[in-house]
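# A look at the structure
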Amino acid sequence: MKLIRFGKAGEEKPGIEMENGKRIDVSAFGEDYTEDFFNAKGISRLTEWLKGNQGSCPVVHNNERLGPPLKRPSKLICIGLNYSDHAAESNMQLPLEPIIFFKATSAISGPDDDVVIPRNSVKTDWEVELAVVIGKKASYVEEKDAMDHVAGYMLHNDYSERAFQLERSGQWVKGKSCDTFAPIGPWLATPDEIKDVNNLRLWLTVNGKTMQDGNSKNLIFKIPYLIAYLSQFMTLLPGDIITTGTPAGVGLGQKPEPVYLKAGDVVELGIDGLGQAKQTLVSLEK
């Protein structure tokens, strides 16, 4: 199943995208895609509900805006330097344990929404990433059981302001949490939609030029390990997002000089089975 949310920002309704690409409105199911939905086995209940109600669900036109596939997750947890080629281009050592930082959930936006370059930004950068969504509460989970806690996967662009992140002291979160810096979607794909999560191509272009072209098989710390590891330090709640890191090709790593985004630039990205997204960079209105 592919879960979508559609409509004006802040007023999104739940829907699904069918195998043939048709989108339908499942508002009549009576629940949005929230922590409570996932906690109460919402995906299996929705699947069962659709057997008798799919035919009466309104069609969602393809020109309708898509919002984030989740509503208000409690956490967006990021894994840094989880591809060896990205660590090398960043001139940083390979981590001995996962590098963890947070991205404010207020940064979450729809997959094709404009991305706002923050005030005083000089180094806004891109990062295509595979995001994992937690399906049930996870605390002190063993690696062998970790995948039982996965609701699905999403496409994510982990926008970063490198000056805020690396040159302003303190934690990386400052350069990661600006409004619109976490576009996710177009959909949340349940695990049965993905043949092999450890062999997915990730790509990203800027103004039509390919900048990133990687594969999830090159993750240093794999998804089961990440879930088990994180659950030793915090309780993962249904709907929480773990974004697993980016391959080489970010603006920071370009040679001979870094390349950063400016107003008018168009970023397109995609992951096998998780769709594509397109974002236009705009200046912050004063």
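You'll find the structure just up there.
These notes cover the structure that comes with them. (Residues numbered from 1 in each chain as written. Predicted model: local features only at pLDDT ≥ 70, side-chain atom pairs only at ≥ 80, totals over all residues. Heavy atoms only, no water.)

## Side note on the environment of Leu-166
Quick note on the threshold: The numbering of helices and of strands both runs from the N terminus, where a helix is a DSSP run of H or I of at least 4 residues and a strand a run of E of at least 2. Any two residues whose heavy atoms approach within 4.5 Å are treated as being in contact.
Turning to its location among the elements, Leu-166 is positioned in helix H4 (residues 162–166). Leu-166 has contacts with Met-92, Trp-172 and Leu-252, leaving out every residue within four places of it along the chain.

## Quick word on the sheet that holds strand S18 (residues 266–271)
Stated precisely, the cut-off is as follows: Here a strand pair is declared whenever DSSP counts at least two bridges between the two strands. Fitted lines through C-alpha atoms give the axes, limited to the stretch in contact for helices. The angle between two N-to-C directions lies from 0 to 180 degrees.
Pairing is mixed in the open sheet, where five strands are placed in the order S8-S19-S18-S15-S16. Every other strand in the sheet has two partners, leaving strand S8 (115–117) and strand S16 (209–215) as the edge strands with one partner each. Ignoring which end each strand starts from, the neighbouring axes of this sheet average 20 degrees apart. The sheet contact formed by strand S15 (residues 201–206) and S18 spans five bridges and is antiparallel. Across the sheet, the residue bridging to Leu-202 is Ile-271, located in S18.

## Looking at a nonpolar patch on the surface
Applied cut-off: Residues forming no salt bridge and having over 30% relative accessible area are the ones grouped into patches, like charges within 9 Å of each other and nonpolar side chains (Val, Leu, Ile, Met, Phe, Trp, Tyr) within 5 Å. Residue-level accessible areas treat just the shown protein chains as cover; the underlying method is Shrake-Rupley with a 1.4 Å probe. The term salt bridge refers to a side-chain nitrogen of Lys or Arg lying within 4 Å of a carboxyl oxygen of Asp or Glu. With a 1.4 Å probe rolled over the protein chains alone, any residue whose accessible area is under 20% of its type maximum counts as buried; one over 50% counts as exposed, and the rest are partly exposed.
Side chains of Ile-100, Phe-102 and Phe-233 sit close together on the surface and give an oily, nonpolar patch of about 270 Å² of accessible area. Mapped onto the elements, Phe-233 comes out in the loop between helix H5 (223–230) and strand S17 (241–243). Phe-233 sits in the exposed class, given a relative accessible area of 54%.

## Examining H5
With six of eight residues buried, H5 is to be regarded as a mostly interior element. Turning to H5, its buried residues number three or more, namely Ile-223, Leu-226, Ile-227, Ala-228, Tyr-229 and Leu-230. Taken together, the buried residues of H5 touch strand S5 (76–80), strand S6 (99–102), strand S10 (128–134), strand S11 (150–157) and S17.

## Describing unusual backbone geometry
Put simply, Lys-255 and Pro-256 share a cis peptide bond, and its omega is 5 degrees. One non-glycine residue, Tyr-140, lies in the positive phi region at around 55 degrees. With a phi angle near 75 degrees, Thr-180 is a residue other than glycine that sits in the positive phi range. Mapping Thr-180 onto the fold places it in the loop between H4 and strand S13 (182–183).

## Quick look at the nonpolar core
We count it as follows: Note on terminology: a nonpolar core comprises buried Ala, Val, Leu, Ile, Met, Phe, Trp, Tyr and Cys residues joined through side-chain atoms within 4.5 Å.
Judged by nonpolar contacts, the single largest core of 79 residues is most densely connected at Leu-3, Ile-16 and Leu-46. Of all the elements, S10 adds the most residues to this core, at six residues. Not counting the four nearest positions on each side in its chain, Ile-16 is found in contact with Met-1, Lys-2, Leu-3, Ile-4, Lys-22, Arg-23, Ile-24, Val-26, Tyr-33, Leu-46 and Leu-50.

## Topic: the pairing of strand S2 (residues 13–17)
In terms of burial, S2 is a largely internal element, four of the five residues being buried. Relative to S2, strand S1 (residues 2–6) is paired through five bridges, and the arrangement is antiparallel. Bridging from a neighbouring strand, Arg-5 pairs with Pro-14 of S2. Linking two consecutive strands that pair antiparallel, namely S1 and S2, is a turn of six residues; a positive phi of about 115 degrees is found at Gly-7 within it. In this sheet, strand S3 (residues 23–25) lies alongside S2 in antiparallel orientation, the contact comprising three bridges. Within S3, the position partnered with Glu-17 by the bridge is Arg-23. Counting the residues in the hairpin turn of S2 and S3 gives five residues, including Gly-21, whose phi is positive at 90 degrees.

Without other data, these values stay purely geometric and don't point to any function.
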